[in-house]
Amino acid sequence: MEVPKDQITTLLDNGFHESAQILGSFLVSSSATNAAEASSPHAKAENLVLLGDALFGQKEYRRAVAKLISLVDLWKGVDKKFESITQNFIWNDSPEFMYKQVLQYCKINPKQSMTSSRNSLSTSNRSSSPNFINVSAINENEMKFKATLCHCALGENGPALAEMEGIPSKARTLRMNLTMGKLYRQAKNGRAAIPCYKDCLRHCPYIFEAICALAELGVSAKDIISSFPQTPNRNGRPPFDHLDSSRWLQRYVEAQCCVASNDYKGCIEIFTELLQRFPSNVHLLLEIAKVEAIIGRNDEAITNLKRYARSIDPYIITYMDEYAMLLKSKSDNFKLNRLLHELLSIDPCKPEIFVILSVMWEKKDERRALAYSEKCLRLDERHVPGHIMKGNLFLSLGRPDAAAIAFKTAQSLRPDLRSYQGLVCSYLALSKTKEALCSAREAYKAMPQSAKALKLVGDVHASNSGGREKAKRFYESALRLEPAYLGAALALAELHVVEGRNSEAVILLEKYIKFWADDSLHLKINPENDAAKKGLERVEKQMKGVDPDAPEEDEDNEFDDAEGEQEESEF
């Protein structure tokens, strides 16, 4: 089988719900699986239960319910009474309760025979250890592990790591190894974290958290793949020796290593190749969108997040804060407001929600927006968009020193064009031109095919009179790479004006007026142009979906205050 179901069960048995959900997304989007499901409704039902269990374990209850409602719809002759009950569950009961009720219905329904083979809600009774060890060892080590989890919940990573180090390596379960790897990473000890993650993959190659962590720690794809289990099974063959069916996982590893090494073109190519094999795979679409956002391909990222990922799974929250930041950059406040309200009804306590709230309040109340970004980071200190928003807000508040720290943290977690841009702005505000140039060059080295990275280097050179000629060359290179890049055109035109070449600035901007109906170009040429100012106001109204000829009124549609106060009280 292209995607082994037993491995999903193993992941669920050990509490690896995120990996189980990712592997489940490959299962349900596999062409081979779709062919099998066409002839066997029972097979499709079993797949939906597996994916539902993974989502339930991640507390993504609405997504879990959606999968199990699809399961019920498979059966012919579903009674109308159940349809009305499920509708009541959706609107009147908690998603968690509804999930259990739907699953209970599916289990007692005599038309469903496959569920007897596996109790989806009995994970608490499963053994989480891949190896058999004596009872006294289990009790002692499990107690230490529970103490570790308590320390982690309290943010006490040092004591948590001390408890884990007291458990013998041979007695550690898969979950213990993964937890220990995470603790070592938080302690900035990547060297000690690597063996922990490799131990996870030796027992189960589908622990995606371990794969991504190893890639981020600089381990090569070949080295990661060599960690996959090689012990022969009952058939005398290694469990991972089915080359054709396992090739997709190896390519996935290569893609994650490409992301970690800043080979963004290579990773997009591999993810796109995998998408051909696993059509409509939400996880792959999100990964592609994430990389496109990293390198500044905002239009493509928006398309993948909205047109594809959210249309396939409307209850998805992962990377939706990235989507919100992209919408904000496009001044699409209507869609941004609608996105927030939709996600609040799904789960109001996810880190992504607080980033979106921060985005919403950025222009209205910067300190309130900053509080939301900090709330996000209290929930997940490794959440990159939270650090980026925090940095942007510190810049707006005139605190470039604090902004630089936030952008540095974001960059250490995941290189991103936005964190590079933020660092450059912070350093320039602090008159640290050397550091700004170093960051800009790092961005260009990481993204040599990005016109925005080229412009960033030009911006640093343009900040001092002695570097304007170099700045001009970088802006022109950016325009050759991306002729429609308005940001580089405006920067180059401004450079022309500063050096007294007004006619050249006019000629350059007139080319872009044909493509960009934006009177900011006229204002660049003549800041006193009243007609251009009025034209710009009309364009901004149209972008917000407001009738430019309507009577003047309060047009602040970023966030409804009454609704905002109500939503805030929920937190």
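Just so you know, these numbers come straight off a predicted model, no measurement behind them.

Caption draft 1: Up close: the overall build of the protein. Summing up its helical and strand segments, the protein has 32 helices and zero strands in all. Of all 571 residues assigned to the protein, the portion counted as buried reaches 50%. Sequence separation of 24 or more characterises 55% of the internal contacts of the protein that already satisfy a separation of 6 or more. As displayed, the protein has an accessible area near 27,600 Å², and 51% of this comes from carbon and sulfur atoms.

Caption draft 2: Representation of helix 10 (residues 174-186) within the structure. Between its first and last C-alpha, helix 10 extends 19 Å over 13 residues, near the 18 Å set by a 1.5 Å rise per residue. Among the 13 residues that make up helix 10, ten are buried, leaving the element largely enclosed by the rest of the structure. By the burial criterion, the buried members of helix 10 are L174, M176, N177, L178, T179, M180, G181, L183, Y184 and R185.

Caption draft 3: Summary view of empty space enclosed by the protein. Within the structure shown, the criterion is met by two cavities of 30 Å³ or more. In this model, the second largest cavity occupies a volume close to 50 Å³. Contributing to the lining of the second largest cavity are K306, R310, Y323, K335, R338, L339 and E342. Sorting the residues of the lining of the second largest cavity by element identifies helix 17 (298-312) and helix 19 (333-344) as the ones contributing at least two each. Sort the elements by how many residues they give to the lining of the second largest cavity and helix 19 lands first, with four residues. Here the lining of the second largest cavity is built from residues that sort into two nonpolar, no polar and five charged.

Caption draft 4: Up close: the packing of helix 25 (residues 433-446) against helix 26 (residues 451-462). The geometry of helix 25 relative to helix 26 is characterised by a closest axis approach of 8 Å and an angle of 165° between their N-to-C directions. One way to sum up the angle between helix 25 and helix 26 is to call them roughly antiparallel. Where helix 25 crosses over helix 26, the handedness of that crossing is left-handed. Counting all contacts with helix 25, which are made through T433, A436, L437, A440, R441, A443 and Y444, the residues of helix 26 involved are A453, L454, L456, V457, V460 and H461.

Caption draft 5: Layout of the environment of L336. Structurally, L336 is set in helix 19. The exposure class assigned to L336 is buried, which follows from its relative accessible area of 1%. Separated by 13 residues in the primary sequence, L336 and Y323 have C-alpha atoms spaced 8.6 Å apart. Excluding its chain neighbours within four sequence positions, the residues that come into contact with L336 are A324, L327, K328, I356, V359 and M360.

Cut-offs applied
- Residues numbered from 1 in each chain as written.
- Predicted model: local features only at pLDDT ≥ 70, side-chain atom pairs only at ≥ 80, totals over all residues.
- Heavy atoms only, no water.
- Helix = DSSP H or I, 4+ residues; strand = E, 2+ residues; numbered from the N terminus.
- Buried < 20%, exposed > 50% of the residue type's maximum accessible area, 1.4 Å probe, protein only.
- Contact = heavy atoms within 4.5 Å.
- Areas by Shrake-Rupley, 256 points an atom, 1.4 Å probe, with all protein chains shown as cover.
- Expected span 1.5 Å × (residues − 1).
- 1 Å grid on protein atoms, 1.4 Å probe; cavity = no way out; pocket = protein on both sides within 12 Å on 5 of 7 lines; lining within 4 Å.
- Points joined across faces, edges and corners; volume = space filled by probe spheres on them.
- Nonpolar A, V, L, I, M, F, W, Y, C, P; charged D, E, K, R; others polar.
- Axes fitted to C-alpha atoms, helices over the stretch in contact; angles between N-to-C directions.
- Parallel < 35°, antiparallel > 145°, perpendicular 65-115°, else oblique.
- Left-handed = near helix turned anticlockwise from the far one by under 90°.

These results come straight from atomic positions and should not be treated as a statement about function.
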